[in-house]
Amino acid sequence: MKIAFLRPNLGGQRSNDAIEPLGFAVLSGLTDRKKHEVLLFDERIEDIPMDLEVDLVVITTFTLTAKRAYTIANNYRKKGIYVVIGGYHASLMPEEVQEYADTVFVGSAEGNWERFLIELENGHPQKVYEEIKLPDISEVVYDRSLFKDKKYSFVVPVQFGRGCMHQCEFCTIGSVHKGDYAHRKVELVIEEIKEKIKIEDLKIVEENFYNTINLLKQDLNSVIIKDVTNQFQSEIDNIIKPKIADINKANTELLNTINTVNSNFKELERQQEQLKQG
């Protein structure tokens, strides 16, 4: 089969800071290239063709890109092409998404991907494939050849863990994964950074990276690569703790650090004051 992975963007617009979509790299790594050909079109950096001659269209979507995803899905379904939709929006609103897709993936797709391809070839695919519990990603393979000649940001994403131990009421990650968490082997992450990626800026794709380091009882500097600007996100409590000083030594930037800040503005002001004093 000829498979097209599509990543829509809000309004079909371009983004200057688009990074490689690792979810598609995982699915590509699980796809038998002797039997299937894979293509990737990411609307953040390029047009998504509406006249692709393929057998299967796979769309990932967030709530912000859902309407655009539905437009693309309707276009290909009218042509008789099988359409799959997954991603966070599909996981949170599967009944809605089923109106626009032949099959919906709820939760992580990789656990059911190979099974789905076989069932599709045999003419008996399911309407919904669900995997809420995170799969074992300790030795997950990312097929980065999918991104060859694609004009993504100079910042390269590397995934360390997936999910989060918290279930904050405002967070999609907690809503989908229910506090579940999985991580890769530390040595494999370091090997990937050192041997496969020749870059100056690195973004560790991790919902709560500092807590992960504590969980694994790893010193922060043992998983941070020297001479590289490292970026990750964590919860605000970790910035207030004295141990966060290690981050500065590691030439690291914190992103989205207010993930767990209470919506109460007084609480936010208190935490901001602590940051200034710390």
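So, how was this worked out
- Residues numbered from 1 in each chain as written.
- Predicted model: local features only at pLDDT ≥ 70, side-chain atom pairs only at ≥ 80, totals over all residues.
- Heavy atoms only, no water.
- Pairing = 2+ DSSP bridges.
- Helix = DSSP H or I, 4+ residues; strand = E, 2+ residues; numbered from the N terminus.
- Axes fitted to C-alpha atoms, helices over the stretch in contact; angles between N-to-C directions.
- Contact = heavy atoms within 4.5 Å.
- Polar contact = N/O pair within 3.5 Å; in protein donor to acceptor, adjacent residues only side chain to side chain.
- Buried < 20%, exposed > 50% of the residue type's maximum accessible area, 1.4 Å probe, protein only.
- Right-handed = clockwise from strand over helix to strand, strands pointing away.
- Core = buried A, V, L, I, M, F, W, Y, C linked by side-chain atoms within 4.5 Å.

> Describe the sheet that holds strand β3 (residues 56–60), naming the residues involved and giving the relevant values.
Taken in spatial order, the 6 strands line up as β2-β1-β3-β4-β5-β6 in an open sheet, and their pairing is parallel. Across the chains shown, the open sheet's two edge strands, defined by having one partner strand only, are β2 (37–42) and β6 (128–131). Each neighbouring strand pair of the sheet contributes to a mean axis angle of 15°, computed without reference to strand direction. In this structure, strand β4 (residues 82–86) lies alongside strand β5 (residues 103–107), joined through 2 bridges in parallel fashion. Pairing of V84 across the sheet is with T103, part of β5. Set on the sheet, helix α2 (residues 66–78) makes contact with β1 (2–7), β3 and β4; between it and β4 the angle comes to about 160°.

> Describe the side chain of D143, listing the residues and the values that go with them.
For D143, the position within the fold is in the loop between β6 and β7 (156–159). A distance of 2.6 Å separates a polar atom in the side chain of D143 from a polar atom in the side chain of S28. A polar contact is formed between the side chain of D143 and the side chain of S145, at a distance of 2.5 Å. Not counting chain neighbours up to four residues away, the residues in contact with D143 comprise A25, S28, G29 and R33.

> Tell me about the environment of E53, residues and numbers included.
Within the element layout of this structure, E53 appears in the loop between β2 and β3. Among the residues examined, E53 registers a relative accessible area of 74% and is labelled exposed. C-alpha separation for the pair E53 and I3, spaced 50 residues apart in sequence, amounts to 9.5 Å.

> Outline the pairing of β5, supporting the account with residue identities and numerical values.
In terms of burial, β5 is largely enclosed, as 5 of its 5 residues are buried. One ladder, built from 4 bridges, connects β5 with β6; its direction is parallel. Across the sheet, the residue bridging to V106 is E130, located in β6. Remark: the β5/helix α5 (residues 110–121)/β6 crossover connection has left-handed handedness.

> For the nonpolar core, give the residues involved together with the corresponding values.
I3, F5, L56, V58, W113 and F116 are the most contacted members of the largest nonpolar core, which totals 30 residues. Broken down by secondary-structure element, the contributors of at least two residues to this core are β1, α1 (22–29), β2, β3, β4 and α5. With 5 residues, α1 is the single largest residue contributor to this core. Residue contacts for L56: discarding those within four places in its chain leaves K2, I3, A4, I81, Y82, V84, W113, F116, L117 and L120. Core analysis: the second largest hydrophobic core is formed by 22 residues, L6, F41, V57 and Y76 among them.

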